[in-house]
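Fold and contact review
What follows is each chain in one-letter form.
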Amino acid sequence: MNTFGNIFRLTSFGESHGEAVGGVIDGCPPGIEMDMEFVQNELDRRRPGQSRITTPRVEPDKVTFLSGIFEGKTTGTSIGFIIKNENQHSADYNNLKDVYRPSHADYTYFQKYGIRDHRGGGRSSARETVARVVAGAVAKLYLKQVGVSVTAYTSQVGEIKLDNNYKQYDLATIEDTPVRCPDAGKANEMINLIKEVQYKGDTIGGVVTCVIQGTPVGLGEPVFGKLHAALGSAMLSINAVKGFEYGHGFDVSRRGSEMNDSFFNDNGKISTRTNYSGGIQAGISNGQDIYFRVAFKPVSTILMEQQTVDVHGNDTTIKARGRHDACVLPRAVPIVEAMAAMVILDYYLLAKM
């Protein structure tokens with residue numbers, strides 16, 4: 001279960017404290033101009049140590065492509081790549097070897113496999129998502145050619161959240177703040193909150209909003225291959241994600257007369273006056289903007305004393321050490337975009353078959 005996708009597929013490998021993390025991309029169309037600067041910029045948006053509100057672990061996250069590219073273009077064959085791990089502090093995890101961190105993968109992994117890598121969580125570490133960002137960057141390069149864009153941003157940290165929908169903000173300003181929020185005032189509040197919980201050794205969760213524009217009509221299947229189900233599955237596969245809603249989400253509990261998206265002739269093109277459906281109807285894209293929200297829980301590893309049990313079932317306490325994110329939201333933004341881009345490209349290729 002290390003492979004994602006139907007036609008455009010990513011198989012990832014590697015652990016947080018192993019030699020490297022990497023992947024193999026299958027089903028990538030040939031002839032895509034590989035903008036290496038763009039790919040590296042996507043990785044830089046995800047990498048640790050990029051600001052004072054992210055983990056101080058410093059990884060260059062330089063990707064090395066091993067196959068599938070010739071003279072700067074994809075060849076249509078499998079694309080292999082690796083990103084070396086260069087800044088592990090494995091000793092920081094020695095005190096976690098025989099205890100289970102609350103709400104972490106420690107207990108479930110050990111019960112499932114009978115063995116676990118306590119150094120950063122091994123395969124359960126969010127370090128694995130670096131491979132997704134590479135594959136997502138490749139997908140974005142193709143989608144750009146067909147007029148599709150994928151943009152995500154931080155819309156909530158703790159109780160601080162944006163009051164308006166994405167159309168009320170300039171999404172070109174997302175990278176202007178380290179928290180990746182398009183509202184400068186709210187961004188400062190979020191940053192201050194993250195610093196506050198960081199100082200206390202605690203963590204905090206939030207929400208990432210994603211907008212996909214330019215999607216053609218007809219992506220997705222009406223029963224078991226619904227487009228929103230694929231997007232939901234992709235988002236829920238990201239570390240720390242606890243919730244997914246698209247369109248008007250849980251706010252649709254109103255009258256049909258209020259929530260139906262009326263069609264109209266928009267200068268020869270069929271469009272809708274509203275978009276409560278979030279660009280997807282009956283599991284199939286309708287040509288409107290696709291938008292959704294992804295809820296992230298607080299990071300489980302906190303620098304505070306907690307009650308837990310050891311591997312023998314004895315009650316004990318634990319206090320983690322090391323370098324951890326107080327809030328994953330800023331670094332999660334490019335991961336959400338990457339997974340969304342892979343889904344849209346995969347379903348675009350399925351529709352062309």
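Reading the values: rules and limits
- Residues numbered from 1 in each chain as written.
- Predicted model: local features only at pLDDT ≥ 70, side-chain atom pairs only at ≥ 80, totals over all residues.
- Heavy atoms only, no water.
- Buried < 20%, exposed > 50% of the residue type's maximum accessible area, 1.4 Å probe, protein only.
- Helix = DSSP H or I, 4+ residues; strand = E, 2+ residues; numbered from the N terminus.
- Pairing = 2+ DSSP bridges.
- Axes fitted to C-alpha atoms, helices over the stretch in contact; angles between N-to-C directions.
- Left-handed = near helix turned anticlockwise from the far one by under 90°.
- Contact = heavy atoms within 4.5 Å.
- Nonpolar A, V, L, I, M, F, W, Y, C, P; charged D, E, K, R; others polar.
- Parallel < 35°, antiparallel > 145°, perpendicular 65-115°, else oblique.

Details of the pairing of strand S2 (residues 9-14)
Side-chain alternation along S2 places Leu 10, Ser 12 and Gly 14 on a buried face and Arg 9, Thr 11 and Phe 13 on a face that remains uncovered. Relative to S2, strand S1 (residues 3-4) is paired through two bridges, and the arrangement is antiparallel. Within S2, the residue paired with Phe 4 across the bridge is Leu 10. In textbook terms, the turn of a hairpin is the stretch between consecutive antiparallel strands, and for S1 and S2 this stretch comprises four residues, one of which, Gly 5, has a positive phi near 110 degrees. Pairing between S2 and strand S3 (residues 20-26): six bridges, direction antiparallel. Each bridged residue has a counterpart across the sheet, and for Leu 10 the counterpart in S3 is Ile 25. A loop of five residues connects S2 with S3, the two strands running antiparallel in sequence.

Let's talk about the sheet that holds strand S16 (residues 290-296)
The five strands are arranged S9-S8-S10-S16-S11 in an open sheet whose pairing can be described as antiparallel. Strands with a single pairing partner mark the edges of an open sheet, and in this sheet they are strand S9 (160-161) and strand S11 (241-246). Bridge analysis of strand S8 (residues 149-157) against S9 gives two bridges, and the strand direction is antiparallel. Bridging from a neighbouring strand, Gln 156 pairs with Lys 161 of S9.

Description of the packing of helix H5 (residues 227-236) against helix H7 (residues 329-352)
At a minimum axis distance of 9 Å, the contact between H5 and H7 shows a crossing angle of 145 degrees. Every pair of crossing elements has a handedness; the one defined by H5 and H7 is right-handed. Between H5 and H7, the contacting residues are Leu 227, Ala 230, Leu 231, Ala 234 and Met 235 on the first element and Val 336, Met 339, Ala 340, Val 343, Ile 344 and Tyr 347 on the second. A class-by-class count of the residues in the contact of H5 with H7 yields 11 nonpolar, no polar and no charged.

Looking at the packing of helix H1 (residues 36-46) against helix H3 (residues 129-145)
Viewed as axis vectors pointing N to C, H1 and H3 meet at an angle of 140 degrees, and their least axial separation amounts to 9 Å. With respect to H3, the element H1 is oriented oblique. Where H1 crosses over H3, the two elements pack in a sense that is right-handed. Together, Phe 38, Val 39, Glu 42, Leu 43, Arg 45 and Arg 46 of H1 and Thr 129, Val 130, Val 133, Val 134, Ala 137, Lys 140 and Leu 141 of H3 make up the contact between the two elements. For the contact of H1 with H3, the residue count by class is eight nonpolar, one polar and four charged.

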